Amino acid sequence: MPTDVKLERPRTFDVGFFRALCEPVRLQLLTKLVQLGRADVATISEGFGQDRSVISRHLQILRDTGVVTASREGRHVFYELDGRALADKLQSMSEEVKALSPLCCPGRG
């Protein structure tokens, strides 16, 4: 690669997104949301060895990354996996990596 070419971190390499998905409990929460569909914290936290407040914080992080949505009904907050947002994010990252591959890995792109 020419030394005068400066590559920036690709826009889809979202550190917050990767941090959110690299926590085992959050991956378990995503799996549970796939199984349950839309559910409140009490239902989601069943079977986890953590307090609801801890589960709520994990869900908030997933919400902040855009892979989980939340809606309030009275005193309850219901969470749901946003499958479309997750798929779009992963597809966007995949396309960007494929486009960058010839620049960083000649002969392997």
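Residues numbered from 1 in each chain as written. Predicted model: local features only at pLDDT ≥ 70, side-chain atom pairs only at ≥ 80, totals over all residues. Heavy atoms only, no water.

Under an unreviewed UniProt entry, the name given to the protein chain is Transcriptional regulator, and the source organism is Caulobacter segnis.

A. Structural context of the sheet that holds strand β2 (residues 68-73). Spatially, β1-β3-β2 is the arrangement adopted by the three strands of the open sheet, whose pairing is antiparallel. The open sheet is flanked by β1 (39-40) and β2, the only strands paired with a single partner. Both β2 and strand β3 (residues 76-81) contribute to a ladder of six bridges, which runs antiparallel. Bridge pairing in β3 links A70 to Y79. Against the sheet, helix α2 (residues 24-36) makes contact with β1, β2 and β3, and its axis sits at roughly 95 degrees relative to β3, the strand it touches most. (Pairing = 2+ DSSP bridges. Helix = DSSP H or I, 4+ residues; strand = E, 2+ residues; numbered from the N terminus. Contact = heavy atoms within 4.5 Å. Axes fitted to C-alpha atoms, helices over the stretch in contact; angles between N-to-C directions.)

B. Expanded view of the packing of α2 against helix α4 (residues 52-65). Interaxial distance between α2 and α4 falls to 10 Å at its minimum, and their mutual angle equals 80 degrees. Here α2 lies roughly perpendicular to α4, going by the angle between them. Taken together, the residues of α4 that come into contact with α2 (itself represented by V25, R26, L29, L30 and L33) are I55, H58, L59, I61 and L62. Grouping the amino acids of the contact of α2 with α4 by side-chain chemistry returns eight nonpolar, one polar and one charged. (Parallel < 35°, antiparallel > 145°, perpendicular 65-115°, else oblique. Nonpolar A, V, L, I, M, F, W, Y, C, P; charged D, E, K, R; others polar.)

C. Layout of the pattern of salt bridges. Using the criterion set out here, one finds two salt bridges in the structure. Here E73 makes a salt bridge to R38, at a shortest N to O gap of 2.4 Å. Taken together, the residues E73 in strand β2 and R38 in the loop between α2 and β1 connect sequence positions 35 residues apart. Here R38 falls in the partly exposed class, since its relative accessible area comes to 39%. Note that D88 is salt-bridged to R84, the shortest N-O span being 3.0 Å. A residue pair is termed a helical-turn pair when its members lie 3 or 4 positions apart in one helix, as D88 and R84 do in helix α5 (residues 83-104) at four residues. (Salt bridge = Lys/Arg side-chain N within 4 Å of Asp/Glu carboxyl O. Buried < 20%, exposed > 50% of the residue type's maximum accessible area, 1.4 Å probe, protein only.)

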